[in-house]
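Structure assessment
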Amino acid sequence: MAKKIVPVLTSDYSGEGLDKLKQAVQKLLSERKKYQLRRGDRVTYEGIEELLGGDSEAKRQVEAWFLGPRGENEDLFSSLIVEALEDHVRWRQDFHPEDPAAITDSDKQDAGYIEAVNTIRTEFDKLLGDLKKSAPFFSMRYQGHMTWDQTLPGMAGYFAAMLYNQNNVALEASPITTVLEVEACDDICWMLGYRKTNLSETDPAPWGHLTCGGSTANIEALWGARNLKFYPLCLRQALRDFKPEVALDIEVTLPSGTKAKLNDLDTWQVLNLPVDEVLGLFNRLQDEYQIDPDELNAKVSEYSLQNLGFIKFANLFLKDSDVNEPVIFVPGSKHYSLPKGAAILGIGANNMQSIPLDIYGRLDIAKLEAAIDAAIEAKQPILAVVAVIGSTEEGNVDALKEILDLRDGKYHSQDIEFAVHADAAWGGYFASLIREASEDPGLRTLSAPAPVLPMSDFVTAQYENLYRADTITVDPHKTGYLPYPAGALCYRNIAMRSLIAFEAPYINSDPDAKPELILGTYGIEGSKPGAAAAGVYMSHAAIRPTKEGYGKILGRSIYNCKMLHLRLLQVNEQEEDFMVEPAPIIPYEGPFAECKSQAEAIALLRQKVANQGHKAILQDSDPEFLELLRQTGSDLNILTYAFNYKVNGQWNQNLKEVNAFNKLIYDRVGIKADVADISVYTVIVSTTDFIKKTYGEVFFDDYKQRLLRLESPVSDPEDQAITVLRSVVMDPWITEDLNGQPFVNTVVEELCKVVREVVQQVQEDPSLVQSQP
């Protein structure tokens, strides 16, 4: 049953009981002298090596953070796994050693035991054989889906905690890993900009928790936004019933800053109260009017949408008003979990409006503004506006700052409010690129160098404004390079989590445990592995979410993605029968001011990297080159592109045939479930489609024009999708081949070999790409 939907602003995970638990955890960790990177230690590094990138990359920490594409760190990882297992066994042996053994030496000689062991080994050998057909995520040739090698400390932490099988839904089932989850999520909040150290006494404290993934986190964020929007109506009605004198007296602040009596507001005004004003009401009623929280909450629960459901709630509060159905605005590049969440929450997927993209593949701010204005005119409460920080198809970053400025400026002045959710499931960890070690509460090294390549100015500006979003989804199991399942949802205001609180009677069976310690009270999931929390915690303990930690990994991946982009563009100079068109537009403003066209800007960049190794590129004598590279290409580290080919000496301008051509390419470079030998792949990518209906005509027609080499944008009702290839470049290795060339050259050449074969195949049999009558 629903319980305590109370936005009480309390400091989470506090109290004498938890303090003792934390002390026990720290004591346990301190006794393990081999864990030198535990929280609170200041680590120093000696023996700095000169890396081929010069001053931007002077220490080889990244090489210790992964098992390595050739298993180079097998000894290190093996020692950690064996140590974890042996330590776990000793722990079992030391727990009441007077107890009898359940498995004796004579048992191990029994025929049944031996038969069972043989079965285990046989099936395990089969499993190991089958697993070798898996996608080689570790390889620099793999640019498929949004997963890659996992950090070595993350895997070690996951394995160690898995042996203890802790379930973070209940403190008594996870007395250690619950605390580790809290520590890990504090780190994530800090990385994203929800920084407790910068808060004043009146600022709400942030809070985050792990989920099974970004889909769950996105749905939870919409759940919180929905309940937040309608909460003031049921609270006001509860006051009218329970404390009518308070209902008549209490004042609220509107988004414009105007003061008004809560009781005097119409329904539309109540639905547009500021986020923090709503979340602070319950505490105000306790502090200013000494209302008993349990009694008030019981009364509020009688009217809550959470309990009544939409039909009863609407009949009670909305039937006689001019308020219409609520709406959520998302970009055309939205993740599928968002409309799924709208459907699950009863909002209706049709009331989630997709905003078309601009030519850069980002949410079109002007179209968003027009859609918000239309919703206000139609009296549709806006539950949330979602910005994608790293779209799953293209890695694009929406203009979050402009969205927040619109809300906090234009719309607040009109007394309009809505929550802003940042879906940074993919891009969240890139926030480490703007976090300085000197500000790190984890007290790590202050002397490690900066990443190879920072983000562009536009992207950086969006990350610098993440802290203003009300909720943020981030997936440690994506660009945190951690084992599944490890998603996360972070709240700017901890009180918001209480609007979705549910509790099973058995979860809080300890009468002395504080409700804030029960992670299962908040969120969609019940049981969840403590091992995931330990993995995130251990990875963060060794690799801080700063420029010098995760920033080094992701700065390298950004650099490798941009190099892939430029190497693909070079293909167009080398090949006659086919060409490639990356989706990102390279602008020629700013550092490209001397260029007269995009083609000239591209030529300039290509010239800079032609036949150059990494050292020459990163130590280029022209100081502006890295700045040019930084400002161009993909926003993060995903690159989408498509190939075209010539028909009778002219570029094919039939989109359906070009789509079929790219599907033939993908058929050779996309992983198949029935492949007997994974080594047959020389390069691996993924594929997706740009759908005109969701992406919008501006982005769709612009890319179509570039891909087909049309003289001007042409909108054809028959053309509804563009098939593209997608490279997810998570590879952090700055490596060169035997000829001293960046290894990305090898990846591009292997891809081009496939394209050449497909071109020849299509030339010999054009029906392969032609629609059948």
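Reading the values: the criteria
Residues numbered from 1 in each chain as written. Predicted model: local features only at pLDDT ≥ 70, side-chain atom pairs only at ≥ 80, totals over all residues. Heavy atoms only, no water. UniProt positions renumbered as here; feature names shortened; annotations may be inferred. Helix = DSSP H or I, 4+ residues; strand = E, 2+ residues; numbered from the N terminus. Buried < 20%, exposed > 50% of the residue type's maximum accessible area, 1.4 Å probe, protein only. Contact = heavy atoms within 4.5 Å. Areas by Shrake-Rupley, 256 points an atom, 1.4 Å probe, with all protein chains shown as cover. Salt bridge = Lys/Arg side-chain N within 4 Å of Asp/Glu carboxyl O. Phe/Tyr/Trp six-rings, centres within 6.5 Å; stacked < 30°, edge-to-face > 60°. Pairing = 2+ DSSP bridges. Right-handed = clockwise from strand over helix to strand, strands pointing away. Expected span 1.5 Å × (residues − 1). Arc of directions from axis to C-beta. Polar contact = N/O pair within 3.5 Å; in protein donor to acceptor, adjacent residues only side chain to side chain. Axes fitted to C-alpha atoms, helices over the stretch in contact; angles between N-to-C directions. Left-handed = near helix turned anticlockwise from the far one by under 90°. Nonpolar A, V, L, I, M, F, W, Y, C, P; charged D, E, K, R; others polar. Core = buried A, V, L, I, M, F, W, Y, C linked by side-chain atoms within 4.5 Å. Patch = residues over 30% accessible without salt bridge, like charges linked within 9 Å, V, L, I, M, F, W, Y side chains within 5 Å.

- An unreviewed UniProt entry annotates the protein chain as Decarboxylase of Anabaena azotica FACHB-119.
- UniProt lists a comment for the protein chain under the heading Cofactor (unreviewed entry), and it reads "pyridoxal 5'-phosphate".

**Let's talk about the overall build of the protein chain**
- The number of helices and strands found in the protein chain is 26 helices and 15 strands.
- Looking at the 773 residues of the protein chain, the share that counts as buried comes to 56%.
- Restricting to contacts in the protein chain with at least 6 residues of sequence separation, those with at least 24 account for 77%.
- Per element, the accessible surface of the protein chain, about 33000 Å² overall, is 51% carbon and sulfur.

**Remarks on the pattern of salt bridges**
- Applying the stated criterion to the full structure yields 35 salt bridges.
- With a shortest N-O distance of 2.8 Å, K401 and D405 are connected by a salt bridge. A residue pair is termed a helical-turn pair when its members lie 3 or 4 positions apart in one helix, as K401 and D405 do in helix α16 (residues 400–413) at four residues.
- Among the residues examined, K401 registers a relative accessible area of 33% and is labelled partly exposed.
- Its salt-bridge partner being E749, residue R756 comes within 3.1 Å of it at the nearest N-O pair.
- By relative accessible area, which is 33% here, E749 ends up partly exposed.
- Members of the salt-bridge network, linked through shared partners, are D276, K401, D405, R407, D408, R468, D470 and R492.

**Regarding the packing of aromatic side chains**
- Scanning all chains against the criterion turns up 22 aromatic pairs.
- Ring geometry for F690 against Y703: centres 5.5 Å apart, planes inclined by 80°, an arrangement best described as edge-to-face. On the criterion of sequence distance, the pair formed by F690 in strand β14 (residues 684–691) and Y703 in helix α25 (residues 697–708) is long-range, its members being 13 residues apart.
- Among the residues examined, Y703 registers a relative accessible area of 0% and is labelled buried.
- Aromatic ring contacts, followed pair by pair, group F230, Y303, F310, F313 and F317 into a single cluster.

**Some details on the pairing of strand β7 (residues 382–388)**
- Of all the seven residues making up β7, seven are buried; the element is thus mostly covered by neighbouring parts of the structure.
- Where β7 lies against strand β8 (residues 419–424), five bridges are found, and the strand directions are parallel. Paired with A384 across the two strands is A419, which belongs to β8.
- Handedness of the crossover joining β7 and β8 through α16 is recorded here as right-handed.

**Observations concerning helix α15 (residues 365–377)**
- For α15, which comprises 13 residues, the first-to-last C-alpha distance of 18 Å matches the rise-based estimate of 18 Å (1.5 Å per residue) to within 8%.
- Of all the residues in α15, the buried ones are I365, L368, A371, I372, A375 and I376. Looking down the long axis of α15, one finds its buried residues gathered within 140° of arc, a one-sided arrangement. More than 90 degrees from the buried face of α15, the exposed residues found are A366 and E377.
- Looking at the packing, one finds that the buried side of α15 touches α9 (267–270), β5 (327–331), β6 (352–355), β7 and α16.
- At the N-terminal end of α15, a side-chain oxygen is found 3.1 Å from the backbone nitrogen of A366, two or three residues along, and the residue is D364.
- One or two positions beyond α15, positive phi appears at K379, with a value near 55°.

**A closer look at the side chain of H565**
- Within the fold, H565 resides in helix α19 (residues 550–574).
- Judged by relative accessible area, which is 3%, H565 ranks as buried.
- Setting aside chain neighbours within four positions, we find H565 in contact with P582, P584, I586, G633, S634 and L639.

**Examining the environment of D130**
- Here D130 lies in helix α4 (residues 111–131).
- In this structure D130 comes out as partly exposed when scored by relative accessible area, which is 48%.
- Separated by 546 residues in sequence, D130 and A676 have C-alpha atoms that sit 9.0 Å apart.

**Regarding the packing of helix α5 (residues 152–162) against helix α18 (residues 530–542)**
- α18 packs onto α5 with a crossing angle of 145° between their chain directions and a minimal axis gap of 7 Å. Relative to α18, α5 is oriented so that their crossing is right-handed. Only G530, A531, A532, A534, G535, M538, S539 and A542 of α18 make contact with α5, whose side of the interface consists of P153, G154, G157, Y158, A161 and M162.
- Considering only residue class, the contact of α5 with α18 consists of nine nonpolar, five polar and no charged.

**Re the nonpolar core**
- Counting 188 residues, the largest nonpolar core has I188, F329, Y463, F643, F661 and I665 as the members making the most contacts within it.
- Per-element accounting of this core gives the leading share, 13 residues, to helix α7 (residues 214–242).
- Ignoring sequence-local partners within four residues, the contact set of F661 consists of F643, N644, Y645, V755, V758, V759, V762 and V769.
- Counting residues in each nonpolar core, the second largest holds 15 residues, with L655, F699, F700 and I722 among its members.

**So, unusual backbone geometry**
- Between Y484 and the following residue, P485, the backbone shows a cis peptide bond with an omega angle of -5°.
- Relative to the elements of secondary structure, P485 occurs in the loop between β9 (471–474) and β10 (487–491).
- Positive phi is not limited to glycine here, since Q290 has a value of about 50°.
- Taking the relative accessible area as the measure of exposure, Q290 reaches 59% and is therefore exposed.
- In the Ramachandran plot, Y481 falls in the positive-phi region, its phi being about 55° despite a non-glycine side chain.
- Inspection of the secondary structure assignment puts Y481 in the loop between β9 and β10.

**Remarks on a nonpolar patch on the surface**
- A cluster of nonpolar side chains, F124, L127, L128 and L131, forms an exposed patch at the surface whose accessible area comes to about 350 Å².
- Counting through the fold element by element, L127 comes out in helix α4.

**A few points about the sheet that holds β9**
- Read from one edge to the other, the open sheet built from seven strands follows the order β2-β10-β9-β8-β7-β5-β6, with strand pairing classed as mixed. Each having just a single partner strand, β2 (207–211) and β6 make up the two edges of the open sheet. Adjacent strand axes in the sheet meet at a mean angle of 20° when their direction is disregarded.
- Relative to β10, β9 is paired through four bridges, and the arrangement is antiparallel. Note that in β10 the partner of T473 across the bridge is L489.
- Across the sheet, α16 lies against β7 and β8, angled at about 175° from β8, the strand it touches most.

**Some points on the side chain of Q570**
- As for its position among the elements, Q570 is in helix α19.
- In this structure the side chain of Q570 is engaged in a polar contact, spanning 3.1 Å, whose partner is the side chain of R567.
- For Q570, the contacting residues outside a window of four places in its chain are R606, V609 and A610.

**What to know about the packing of α7 against helix α11 (residues 293–301)**
- Between α7 and α11, whose axes approach to 8 Å, the crossing angle comes to 115°. When the axes of α7 and α11 are compared, the crossing they make is right-handed. Of the residues in α11, those in contact with Y231, C234, L235, A238, L239, D241 and F242 of α7 are E295, L296, K299 and V300.
- Residues that form the contact of α7 with α11 fall into these classes: eight nonpolar, no polar and three charged.

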